[in-house]
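Given next are the chains, with one letter for each unit.
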Amino acid sequence: MGHLGALSFLVAVLSWRYICGRSLSPCQEQLEFRCSDGRCIPRLSVCNGSADCEDGSDEQHCAPAGCASSEFRCGDGKCISLSWRCDFSPDCADESDEDHCDQNECLINNGGCSHLCVDQTPGFFCDCPKNMKLIMENQCEEIDVCLESDVCDQSCVHVNSSFTCDCHEGYQSSPATGECKAKDLAQLVFSTSKGLQWMNISSTKYTQLVSHLPGSGPVSAFAQTHTLYWAWQGQGSIFRISLDGKSQDDVLLLKVQGSVSSLAVDWIHQLLYWTSMDKGSVNIALLHSSTHHRRLITGLDEPSAITVEPLQGFVFWAESGSSPKIERASLDGQNRMALVTSSIRRPVALSLDMPRQLLYWADEGMRSISRVNFNGYHRKTVIESNGYLDRPYGLAVFEGFVYWSDKVTHTICRGNKHNGSHLQVLVKNISSPGGVVIVQPLLQPSGLAVCGSTGLMCKDKCVIDLMSHTPRFICTPAGMEKNGSQEIPTQSRSVPASALFDPTFTGILSLFLFLSILVGVTLWWWRCFRYTSTLTVQSLSFKESQHVLLQKTPEGPDTCPVKETLLKPDLDRE
């Protein structure tokens with residue numbers, strides 16, 4: 001009976017340890033990766049562009065990716081455009097791009113062309129079918145006649161070679177020009193070395209909003225609550241500021257590791273996103289919380305700008321390092337997609353044209369402002385160097401204009417969002433102009449929004465869990481997971497899919513384990529009591545993340561077990 005009880009107890013303990021404390025066991029070398037904090041994650045999650053370890057160690061020391069299908073790999077490993085091959089001009093250091101030019105390049109990966117490849121002697125070129133156009137020398141995209149003509153501020157209908165323009169709700173069409181004008185005024189807010197300034201966009205006079213927070217850092221807004229979010233340039237402090245001028249609402253919201261290079265407000269889920277250039281990360285926090293924030297995406301190359309579109313569930317960011325690009329992901333950091341990778345040098349600011357669902361960016365290196373749609377198509381440069389784009393910093397789009405700040409000319413300017421015409425210098429002689437934001441409720445429309453990366457739209461409420469292994473967006477009935485009007489992070493941890501069981505089986509297994517433990521402990525205690533062995537007990541402090549294991553003391557095989565508590569290290573939520 002004693003041996004049967006000991007065996008039952010051993011089986012129960014091992015099973016309990018496997019299910020509840022699997023992360024404490026050694027990682028399976030071929031299938032798992034061990035994080036710096038000791039946790040095990042699937043090896044497929046390593047170097048996937050999203051931090052699965054709490055400390056981001058799975059995204060460190062990642063080798064650079066190989067050349068894309070539209071690129072040629074030089075002998076030294078450098079990637080160049082495939083269209084540069086055999087163009088009588090060496091682009092590789094070893095001139096390998098000009099070797100073997102008598103072959104038919106179209107036979108190899110279709111020359112890197114997305115559709116048609118036409119061979120020449122030497123070289124080749126890419127071409128497109130009817131109703132498509134060539135972009136980036138090798139990619140074809142369908143022609144959007146409305147965006148190609150680019151005459152409508154908002155809605156556009158193309159019928160029989162003519163265009164019908166219309167305005168969204170809250171706007172009205174100007175009888176003279178057909179432009180869409182908001183029925184209510186908007187405010188332009190910008191940061192300077194002397195503090196935050198604001199002005200009506202219909203005026204050229206500005207006033208100081210906040211003077212005790214000097215510094216030309218990034219700024220974002222939550223229009224519904226008339227609240228601004230501002231960061232000290234080059235520092236890790238994020239402030240919440242009342243647009244109504246209430247000094248008691250000017251508070252330090254977050255103190256984070258690393259500098260803050262840009263800010264964006266998700267007005268639907270009430271989240272704050274920011275980028276950190278020195279940490280190479282996109283970060284997320286609850287909008288009104290100073291305690292719950294974390295890194296969302298790590299391993300980036302100098303992320304310099306960010307913006308969000310929560311109705312479709314997108315976060316966009318720009319990188320301005322050695323491989324400049326603009327990417328898109330779901331609000332939880334999943335489903336990453338590169339939108340712009342070519343003809344881009346140093347993107348420093350992003351903004352959305354919400355009515356047309358277009359993404360604008362300012363490129364300091366190209367001295368230009370361009371746009372694409374949310375899938376990276378229909379790219380167009382709308383403003384090129386005009387004397388006021390030497391070093392842009394802030395960017396905003398509203399009605400028919402794009403607004404920006406420039407650190408060289410010390411100005412706030414605007415120009416037509418279609419072609420850059422009607423340039424207007426709104427403010428001159430600014431001391432170190434910084435971030436720019438337009439505050440108008442129409443720019444943050446309400447509506448059903450995507451909850452996380454699944455594409456699901458919640459009927460009642462989308463709760464944000466920042467305490468789990470990866471951020472989770474969870475649909476819940478109205479009234480749950482609330483603390484006033486503020487979402488609170490769920491305390492339960494997410495369980496890997498490999499550890500999930502059928503509910504019936506789980507119930508049976510749990511009952512079996514409970515009975516096994518009860519029988520085993522009872523028989524073992526009876527055996528120890530019978531032989532009057534000494535029972536040694538250590539004081540315990542039980543927490544959710546602690547596990548109790550029973551081990552024999554070194555005194556001998558008949559000594560009763562001593563309980564030990566294994567403590568998980570505190571996880572850095574940064």
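Criteria and thresholds
- Residues numbered from 1 in each chain as written.
- Predicted model: local features only at pLDDT ≥ 70, side-chain atom pairs only at ≥ 80, totals over all residues.
- Heavy atoms only, no water.
- Disulfide = S-S within 2.5 Å.
- Helix = DSSP H or I, 4+ residues; strand = E, 2+ residues; numbered from the N terminus.
- Buried < 20%, exposed > 50% of the residue type's maximum accessible area, 1.4 Å probe, protein only.
- Contact = heavy atoms within 4.5 Å.
- Pairing = 2+ DSSP bridges.
- Axes fitted to C-alpha atoms, helices over the stretch in contact; angles between N-to-C directions.
- Phe/Tyr/Trp six-rings, centres within 6.5 Å; stacked < 30°, edge-to-face > 60°.
- Salt bridge = Lys/Arg side-chain N within 4 Å of Asp/Glu carboxyl O.
- Core = buried A, V, L, I, M, F, W, Y, C linked by side-chain atoms within 4.5 Å.

Colleague: Whenever I open this one, the state of the cysteines confuses me. Can you help?
Modeller: Covalently bonding the sulfur atom of one cysteine to the sulfur atom of another cysteine gives a disulfide. Considering all chains together, one arrives at 10 disulfides under this definition. In this model Cys 74 forms its disulfide with Cys 92; the gap between the sulfur atoms is 1.9 Å. Between Cys 74 and Cys 92, the disulfide has an S-S torsion of -70 degrees and is therefore left-handed. One end of the pair, Cys 74, is in the loop between strand S3 (71-73) and strand S4 (79-81); the other, Cys 92, is in the loop between S4 and strand S5 (116-119), and 18 residues separate them in sequence. Judged by its relative accessible area of 4%, Cys 74 is buried. A relative accessible area of 4% places Cys 92 in the buried class.

Colleague: What should I look at first to understand the environment of Leu 196 in this one?
Modeller: Position of Leu 196 among the secondary structure elements: in strand S14 (residues 195-200). By relative accessible area, Leu 196 is classed as buried at 0%. When the C-alpha positions of Leu 196 and Leu 228 are compared, they lie 9.9 Å apart, and in sequence the two are 32 residues distant. Beyond its immediate stretch of four places on either side in the chain, Leu 196 contacts Phe 190, Ser 191, Thr 207, Gln 208, Leu 209, Val 210, Leu 228, Trp 230 and Ile 241.

Colleague: Any chance you could explain the sheet that holds strand S33 (residues 401-406) here in plain terms?
Modeller: The sheet built from 4 strands is open, its strands ordered S32-S33-S34-S35 with antiparallel pairing. Two strands in the sheet have a free side with no partner beyond their single neighbour: strand S32 (392-398) and strand S35 (424-427). With strand direction ignored, the average angle separating the axes of adjacent strands in the sheet is 25 degrees. Sheet topology note: the strand S34 (residues 411-416)/S35 ladder contains 3 bridges and is antiparallel. Note on S35: the bridge partner recorded for Ile 412 is Val 427.

Colleague: I keep staring at the packing of aromatic side chains and nothing clicks. Help me out?
Modeller: Ring pairs (aromatic) are described by centroid distance and by the angle formed between their planes. As enumerated under the stated definition, the model contains 6 aromatic pairs in all. Between Trp 230 and Trp 232, the ring centres sit 5.9 Å apart and the planes meet at 50 degrees, which makes this aromatic pair tilted. On the basis of relative accessible area, Trp 230 is assigned to the buried category, the value being 0%. With a centroid separation of 5.1 Å and an interplanar angle of 45 degrees, the aromatic rings of Phe 316 and Phe 374 are classed as tilted. Of the two residues, Phe 316 sits in strand S25 (residues 314-319) while Phe 374 sits in the loop between strand S30 (368-373) and strand S31 (380-384), which places them 58 residues apart along the sequence.

Colleague: Is there a simple way to think about the pattern of salt bridges in this case?
Modeller: Should the charged atoms of two oppositely charged side chains come close, the side chains can pair. Counted by the stated rule, this structure contains 11 salt bridges. Measuring nitrogen to oxygen at the nearest pair gives 2.9 Å for the salt bridge that ties Glu 148 to Lys 133. Residue Glu 148 is located in helix H2 (residues 145-149), and its partner Lys 133 is located in strand S7 (residues 132-135); the two are separated by 15 residues in the primary sequence. Residue classification places Glu 148 among the partly exposed positions, given a relative accessible area of 44%. Between Asp 465 and Arg 472 there is a salt bridge, with the nearest N and O atoms lying 2.7 Å from each other. A relative accessible area of 0% means that Asp 465 is categorised as buried. Several salt bridges converge on common partners, so that one network encompasses Asp 150, Asp 353, Arg 356, Arg 371, Lys 380 and Lys 417.

Colleague: What should I look at first to understand the nonpolar core in this one?
Modeller: As a rule of thumb, nonpolar side chains are buried together in soluble globular proteins. One finds Leu 272, Trp 274 and Leu 359 to be the most contacted residues of the largest nonpolar core, which totals 32 residues. Looking at this core, the elements with two or more residues in it are strand S17 (227-231), strand S19 (251-255), strand S20 (262-266), strand S21 (271-276), S25, strand S27 (337-340), strand S28 (347-353) and strand S29 (358-363). In terms of residue count, S25 provides more of this core than any other element does, 3 residues in total. Formed by 21 residues, the second largest nonpolar core is a distinct cluster that contains Ile 306, Trp 317, Ala 329 and Cys 462.

Colleague: Even after reading the chapter, I still don't get the sheet that holds strand S26 (residues 325-330), so can you show me in this structure?
Modeller: By definition, the strands of a sheet pair up through backbone hydrogen bonds, in either a parallel or an antiparallel sense. Strand order in the open sheet made by the 4 strands is S24-S25-S26-S27, with antiparallel pairing throughout. Whereas interior strands pair on both sides, the edge strands pair on one side only; in this sheet they are strand S24 (303-309) and S27. Mean inter-strand twist for the sheet, computed between neighbouring axes without regard to direction, equals 25 degrees. Across 6 bridges, S24 lies against S25 in antiparallel orientation. Residue Glu 309 lies in a different strand from S25, and its bridge partner there is Phe 314.

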